[in-house]
Amino acid sequence: MELELLGGAREVGRSALLVDETLLLDYGLKTADPPQYPVRDPEPDAVVVSHGHLDHVGAVPALLKGDRRPPVHWTPPTGELARTLAEDTLKLHGNSPLCPFGAEHVARLGEVERRHGYEEPFAVAGGIDDGGYEVTLFSAGHIPGSAHVLVDDGETRLLYTGDFHTDDQRLVAGTTARPDADVVVCESTYADVTHEDRAAVESAWAERVERTIWEGGTVVAPAFAIGRTQEMLLVAAANDLTPYVDGMGVEVTEMLRQYPSFLRDADAFDEAVGRARVVTGRDGRRERIAGENALIVTTSGMLAGGPVHTYLPEIRTNPTNLVTLTGYQVEGTPGRELQERGQLELNGRVRPVSARVDSYDFSAHADREGLESFLESYRGARVLVNHGDRCEAFAEDLRADGFDASAPGTGEQVKL
Ligand SMILES: [Zn+2]
C-alpha cells in the first residue's frame, strides 16, 4: 500500500489522503481567501469521506468533472452535509474562477453517492479479491455521521481516524471502536490541549448565561453550523434555557432529525429543538431580538459571516451583554480578533466591543489524553500523525513513548 498526502498533513484544512492512486479518503477545502484545495487534482476510482465538515468534504464535487464519476462512499448524514456545504461554497465563491466546481458537479453527487451505516463492510474498487479494498466505517464521536475509515487490501489494514472525540458530547457519544490495524493515520488537532471537564464547562457557561439574562443583558453564542449549534441547543435545554437559533445551523438541525440513529439521544434532541425558537431575518426581527433578555445561538462560529453580524452591532456597546465563543478561533478570523483584542470589524470599520466576551471549550476533538488513550490500542502499529499545527512535535513525543510514529508533510508519499 502506498499513501500520498494531498492535504491536511502538518496543517488543518483541505484533508485528502490518496491510497495507491486508486482510493481517495476525504477531499477537503481550507477556509481562506481564496479557499485552498488539496495540492493535486487526483483521478481516483473511488472516494470515501470521513465526515461532513468543510475541511474533509468541501472539494468533493470537483472530483466529478468531465466524465469522471468515482463512487463516493459515506454515511447518510455526511452525504446530506456534503450537499449543504457545497451549496454554501457556491453561494460564497460560485462566481469566482477560483471555485473548482459548479452547480452541475454538485448535482452529480446524487449519481455517485453510496450510503453506508457503521460497521457494515463494503467492497471498493473491485474488493479485496480483485485488487481493491474492503472498507468499514466506525463511529468516530466527532459529529453525527463522522467515521473512522478502515481500509483493508488483504495485506495491510489502514485506519484513517478522521476527526474524533473519545469523550461523550450530548450530540454524539465518544468513539469506542478500536479495529485492528497495521497503520494508523491519526488526527492531532488538540495534541497540545487538556480539555476542562465537559460538565464543568457546561455549568460555567449556563451560569454565566443565566446571570447575564437576569441582569438584563443579551447573550450571543456564535456557533459552527454543523455539530456545535446542535450541541449548544442540547446544552441549553439541559440547563433549562430557551434559546433563539439562527443561521445555517437551523437547516442542519432539521436535517439531523431525519437520522435519529446517528444521534446519542434522539428524544433529547427533539426536545431541545422543540424548545428553541427559530429566527428568520425578516422585518428587522434580529434587531428586535437583540434587544431582548435572551440567548441567541447563531452562525458563524468564528464570526466570519452569517447572522451574528446583525446581532453583534446591536449588543456590542453595553457591558451587561455577553458574547460566549463556543469553539476554537483560528488565527486571523474576526472571532480571534474579538477574543484577543476586544474589537471587531463591522462594515469595514474596526469597533471596540464593550460587551463581555468569554470563551468556552466545547470541543468535538480528543485532547492530548484522549489521543494517547486511543493510540494505546495501536502500540504495534505504524502511526502517521496528521491534521494539526504541531504534528511533528506530537510524533516526536510518541516516538519517545515507544511508538513507531512520524508526521509526513503535505505532498509527501509514504510506502507501507
Ligand atoms: Zn471535523
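The rules we used
- Residues numbered from 1 in each chain as written.
- Predicted model: local features only at pLDDT ≥ 70, side-chain atom pairs only at ≥ 80, totals over all residues.
- Heavy atoms only, no water.
- UniProt positions renumbered as here; feature names shortened; annotations may be inferred.
- Helix = DSSP H or I, 4+ residues; strand = E, 2+ residues; numbered from the N terminus.
- Donors = N, O, S within 2.8 Å, 3.2 Å for Na, K, Ca; no water.
- Tetrahedral: all angles 85-135°; square planar, octahedral: opposite > 155°, others 65-115°.
- Buried < 20%, exposed > 50% of the residue type's maximum accessible area, 1.4 Å probe, protein only.
- Axes fitted to C-alpha atoms, helices over the stretch in contact; angles between N-to-C directions.
- Parallel < 35°, antiparallel > 145°, perpendicular 65-115°, else oblique.
- Contact = heavy atoms within 4.5 Å.
- Nonpolar A, V, L, I, M, F, W, Y, C, P; charged D, E, K, R; others polar.
- Lys, Arg positive; Asp, Glu negative; His and termini not counted.
- Salt bridge = Lys/Arg side-chain N within 4 Å of Asp/Glu carboxyl O.
- Polar contact = N/O pair within 3.5 Å; in protein donor to acceptor, adjacent residues only side chain to side chain.

- If you check an unreviewed UniProt entry, the protein chain appears there as Putative mRNA 3-end processing factor from Halorubrum sodomense.

### Focus on the UniProt feature "domain: Beta-Casp" (unreviewed entry) in the protein chain
And then number 1: The positions that UniProt labels "domain: Beta-Casp" (unreviewed entry) are, in the present scheme, residues 229-338.
And then number 2: The distance from the first to the last C-alpha atom of residues 229-338 is 20 Å, and the span holds 44% helix and 12% strand.

### Regarding the UniProt feature "domain: Metallo-beta-lactamase" (unreviewed entry) in the protein chain
And then number 1: Residues annotated in UniProt with the feature "domain: Metallo-beta-lactamase" (unreviewed entry) correspond here to residues 13-224.
And then number 2: Spanning residues 13-224, this segment combines 23% helix with 21% strand, and its end C-alpha atoms are found 15 Å apart.

### Comments concerning the coordination of the zinc ion
And then number 1: Within the protein, the zinc ion binds to His51 (NE2), His53 (ND1), His142 (NE2) and Asp163 (OD); these donor distances fall in the range 2.2 to 2.3 Å.
And then number 2: Considering all four donor atoms around the zinc ion, the spread of angles at the metal, 89 to 168 degrees, places the coordination shape in the irregular class.
And then number 3: Going along the chain, you hit the donors of the zinc ion in the pattern H-x1-H-x88-H-x20-D. Separated by 91 residues along the polypeptide, histidine 51 in the loop between strand S4 (46-48) and helix H1 (54-57) and histidine 142 in the loop between strand S8 (133-139) and strand S9 (147-152) bring together distant segments of the chain.
And then number 4: Overall, histidine 142 belongs to the buried group, its relative accessible area being 2%.

### Comments concerning the packing of helix H6 (residues 228-238) against helix H7 (residues 248-256)
And then number 1: Put simply, H6 and H7 touch, their axes get as near as 9 Å, and they point 75 degrees apart. Considering their axes alone, H6 and H7 lie roughly perpendicular with respect to each other. Across the interface between the two elements, Thr229, Gln230 and Leu233 of H6 pack against Gly249, Val252, Thr253 and Leu256 of H7.
And then number 2: Residues belonging to the contact of H6 with H7 are distributed by class as follows: three nonpolar, four polar and no charged.

### Some thoughts on unusual backbone geometry
And then number 1: A cis amide bond, omega 0 degrees, links threonine 299 with the succeeding residue serine 300.
And then number 2: Backbone geometry places aspartate 26, a non-glycine residue, at a positive phi of 70 degrees.
And then number 3: As for its position among the elements, aspartate 26 is in the loop between strand S3 (23-25) and S4.
And then number 4: The exposure class of aspartate 26 is buried, given its relative accessible area of 0%.
And then number 5: Residue glutamate 119 is not a glycine yet carries a positive backbone phi of 60 degrees.
And then number 6: Mapped onto the secondary structure, glutamate 119 falls in the loop between strand S6 (113-115) and strand S7 (122-124).
And then number 7: Given the relative accessible area of 53%, glutamate 119 is considered exposed.

### So, the side chain of aspartate 55
And then number 1: With respect to the helices and strands, the residue aspartate 55 is situated in helix H1.
And then number 2: Lysine 30 provides the closest opposite charge to the buried, salt-bridge-free aspartate 55, at an N-O distance of 9.4 Å.
And then number 3: Among the polar contacts listed, one links the side chain of aspartate 55 to the side chain of histidine 387, at a separation of 3.3 Å.
And then number 4: Not counting chain neighbours up to four residues away, the residues in contact with aspartate 55 comprise Val12, Gly13, Arg14, Ser15, Gly28, Leu29 and His387.

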